[in-house]
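Results of the structural survey
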Amino acid sequence: MPGYLDPHAITPKVRGPQGADRALIGGRSGSGKSVLAKNLLAGYGKSAPKAYQASVVIIDPNHNFDLKTDKTVYSPDAISVPKVGSIKYRPKPEHRNAEDWNGVFRKLFLHKGPMVVYIDELFAIESLFQIRRIEGGNFLNAYLTQGRALGKAFIASVQAPSSIPLHTLRQAEWFYMFDMPFREDRQRMSGIIGDVAE
């Protein structure tokens, strides 16, 4: 008798007991991160259960996440979060700097209504991690820490978790780990989720 898994059983909620969830998908290139992300993102929308009704914002810095969305934009100024539906942001090279990344997360943080943000390769926004103080505040940190109560879920994939600041990784409740060939990545994740990753 074949088994059945409700995809919502493994999909981060935008409305849950602790607020909106955070998730990290880790593994080397070709390990299945994008396939899982597409399946998770398919669980959101107008016809989904209430805990999953949200706008979907995909941040695709490397321009290779091929999930179809309602709209694709290439400039931070062009981002307008739909009330229901999806948008993909594929930044041009000149927009891959800390100031523009922070502006994107400011816009997402201030947007009213539930949403899920997916970043296809979290390390691509590393310029934002490197700045300790940003005038007006770091809106990625605001989104991750204060966005829970506002219905703002977050999913990110990463090939090298050891390259991501620990305070960012610690925000996640959900971890989906695939093949990680490098010891420093396995050690970083085992320090967060236990010896399972080691």
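Rules used throughout
Residues numbered from 1 in each chain as written. Predicted model: local features only at pLDDT ≥ 70, side-chain atom pairs only at ≥ 80, totals over all residues. Heavy atoms only, no water. Helix = DSSP H or I, 4+ residues; strand = E, 2+ residues; numbered from the N terminus. Buried < 20%, exposed > 50% of the residue type's maximum accessible area, 1.4 Å probe, protein only. Contact = heavy atoms within 4.5 Å. Axes fitted to C-alpha atoms, helices over the stretch in contact; angles between N-to-C directions. Phe/Tyr/Trp six-rings, centres within 6.5 Å; stacked < 30°, edge-to-face > 60°. Lys NZ or Arg CZ within 6 Å of the ring centre and 35° of its normal. 1 Å grid on protein atoms, 1.4 Å probe; cavity = no way out; pocket = protein on both sides within 12 Å on 5 of 7 lines; lining within 4 Å. Points joined across faces, edges and corners; volume = space filled by probe spheres on them. Core = buried A, V, L, I, M, F, W, Y, C linked by side-chain atoms within 4.5 Å. Expected span 1.5 Å × (residues − 1). Polar contact = N/O pair within 3.5 Å; in protein donor to acceptor, adjacent residues only side chain to side chain.

Let's talk about the overall build of the protein
Helix and strand counts for the protein stand at six helices and seven strands. Scanning the protein from its N terminus toward the C terminus, one meets helices and strands in the order β-α-β-β-β-α-β-α-α-β-α-β-α. For the protein, the residues scored as buried account for 49% of the 198 residues in total. Restricting the contact set of the protein to residue pairs at least 6 apart, pairs at least 24 apart contribute 71%.

Observations concerning the packing of helix 2 (residues 98–110) against helix 4 (residues 139–146)
Contact geometry of helix 2 with helix 4 gives a least axis separation of 7 Å together with a crossing angle of 30 degrees. Taken together, the residues of helix 4 that come into contact with helix 2 (itself represented by Asn102, Phe105, Arg106, Leu108 and Phe109) are Phe139, Leu140, Ala142, Tyr143 and Gln146.

Points about the packing of aromatic side chains
Applying the stated criterion across every chain yields a total of seven aromatic pairs. Their ring planes at 80 degrees and their centres at 6.2 Å tell us that Tyr89 and Trp101 sit as a pair that is edge-to-face. Taken together, the residues span a long stretch of sequence, with Tyr89 in strand 4 (residues 86–89) and Trp101 in helix 2 at a distance of twelve residues. You can call Tyr89 buried: its relative accessible area is 1%. Seen in terms of ring centroids, Phe105 and Tyr143 are 6.4 Å apart; in terms of plane orientation they differ by 70 degrees. Their pairing is edge-to-face. Of the two residues, Phe105 is situated in helix 2 and Tyr143 in helix 4; the sequence distance between them amounts to 38 residues. Note on Tyr143: relative accessible area 0%, which makes it buried. Each member of the aromatic cluster is reached from another via a ring pair, and the members are Phe105, Tyr143 and Phe154. Note that Lys38 overlies the ring of Phe65, its terminal NZ or CZ placed 5.6 Å from the centroid.

A look at empty space enclosed by the protein
Using the criterion set out here, one finds one cavity of 30 Å³ or more in the structure. Estimates place the volume of the largest cavity at around 70 Å³. Residue lining of the largest cavity: Arg22, Ala23, Leu24, Leu122, Leu144, Phe154, Thr168, Leu169, Gln171 and Ala172, and that is the complete set. Among the elements that take part in the lining of the largest cavity, strand 1 (residues 22–26) stands out by supplying three residues, more than any other.

Describing the nonpolar core
Ile59, Phe105, Leu108, Val117, Ile119, Leu122 and Phe154 are the most contacted members of the largest nonpolar core, which has 33 residues in total. Discounting chain neighbours no more than four positions away, the residues touching Leu108 are Val57, Ile59, Val81, Met115, Val117, Tyr143 and Lys152. Counting 21 residues, the second-largest nonpolar core is a separate cluster that includes Leu36, Ala37, Ala54 and Tyr176.

Comments concerning helix 2
Its 13 residues give helix 2 an end-to-end C-alpha distance of 18 Å, which sits within 8% of 18 Å, the value for a rise of 1.5 Å per residue. Buried within helix 2 are the following residues: Ala98, Asp100, Trp101, Asn102, Val104, Phe105, Leu108 and Phe109. If you follow the buried residues of helix 2, they end up packed against strand 2 (55–59), strand 4, strand 5 (115–120), helix 3 (126–129), helix 4 and strand 6 (152–158). Between the side-chain oxygen at the start of helix 2 and the backbone nitrogen of Glu99 there is a gap of 3.1 Å, and the oxygen is on Asn97.

From the geometry alone we can't say anything about function, so treat these as descriptive.
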